[in-house]
Amino acid sequence: MKHNVVNKSGFVNTMTQDVELGIIGSVTQADLAPLRGSARLGDFALVYRIERLHRGGGYGDQGKHPLAWAVAVYIDNQLCRIFNARGAGREWNSIDRLCGWLCEQGFWYWWTRNDLEPVGAAVIEPEDSGDAPSPTIIDPPFSPF
């Protein structure tokens, strides 16, 4: 597995994050179906946040989109990262598209891990003070059982 990557911003060592997550190998998308057929592929996948190494697509500006999503799967109970056919780690900028890809590969369950972004940093958008009615809250029916 290649852990050292050179990009325009300099030398990046991805091994630290792989070691922390317990990733010990790599697998390509083409290998997933035969591994599943031989009952060597686990039922769960791990989706985790990484520093983006590839450029391109609609998110080509790494200044605006410096992070991406990566996937690791369990093969023979060992965690392996998904790589592309050219030998580089696969990256997804949209977790929605990644969800579709996981379902296409036969995964219905996965864990999501984000160690690179601060928790609770969401920005609340101001509400419009228009004529929109406030929502009515209805209590659920009470059941004595």
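Below or above, wherever it landed, is the structure these notes cover.

**Some thoughts on the side chain of Ser94**
Here's step 1: Secondary-structure assignment places Ser94 in the loop between β6 (78–83) and α3 (95–104).
Here's step 2: A distance of 3.2 Å separates a polar atom in the side chain of Ser94 from the backbone nitrogen of Arg97.

**Some remarks on the environment of Arg81**
Here's step 1: Mapped onto the secondary structure, Arg81 falls in strand β6.
Here's step 2: Looking at Arg81, the relative accessible area reads 6%, which means it is buried.
Here's step 3: There is a polar contact of 3.3 Å between the side chain of Arg81 and the backbone oxygen of Arg90.

**Quick word on the nonpolar core**
Here's step 1: Ranked by internal contacts, the top residues of the largest apolar core, which has 17 residues, are Val27, Val71, Val73, Leu98 and Leu102.
Here's step 2: Among the elements that take part in this core, strand β5 (residues 67–75) stands out by supplying 4 residues, more than any other.
Here's step 3: Beyond its immediate stretch of four places on either side in the chain, Leu102 contacts Ala45, Val47, Val71, Phe107 and Trp110.
Here's step 4: Core analysis: the next-biggest nonpolar cluster, separate from the first, contains 9 residues, Leu21, Ile23, Ile50 and Leu79 among them.

**A few points about the environment of Thr28**
Here's step 1: Counting through the fold element by element, Thr28 comes out in strand β3 (residues 23–28).
Here's step 2: According to the relative accessible area criterion, Thr28 is partly exposed, its value standing at 23%.
Here's step 3: Here Thr28 is in contact with Phe83 and Asn84, once residues within four sequence places are set aside.
Here's step 4: A polar side-chain atom of Thr28 sits 2.9 Å from a polar atom in the side chain of Asp31.

Cut-off values and rules
- Residues numbered from 1 in each chain as written.
- Predicted model: local features only at pLDDT ≥ 70, side-chain atom pairs only at ≥ 80, totals over all residues.
- Heavy atoms only, no water.
- Helix = DSSP H or I, 4+ residues; strand = E, 2+ residues; numbered from the N terminus.
- Polar contact = N/O pair within 3.5 Å; in protein donor to acceptor, adjacent residues only side chain to side chain.
- Buried < 20%, exposed > 50% of the residue type's maximum accessible area, 1.4 Å probe, protein only.
- Core = buried A, V, L, I, M, F, W, Y, C linked by side-chain atoms within 4.5 Å.
- Contact = heavy atoms within 4.5 Å.

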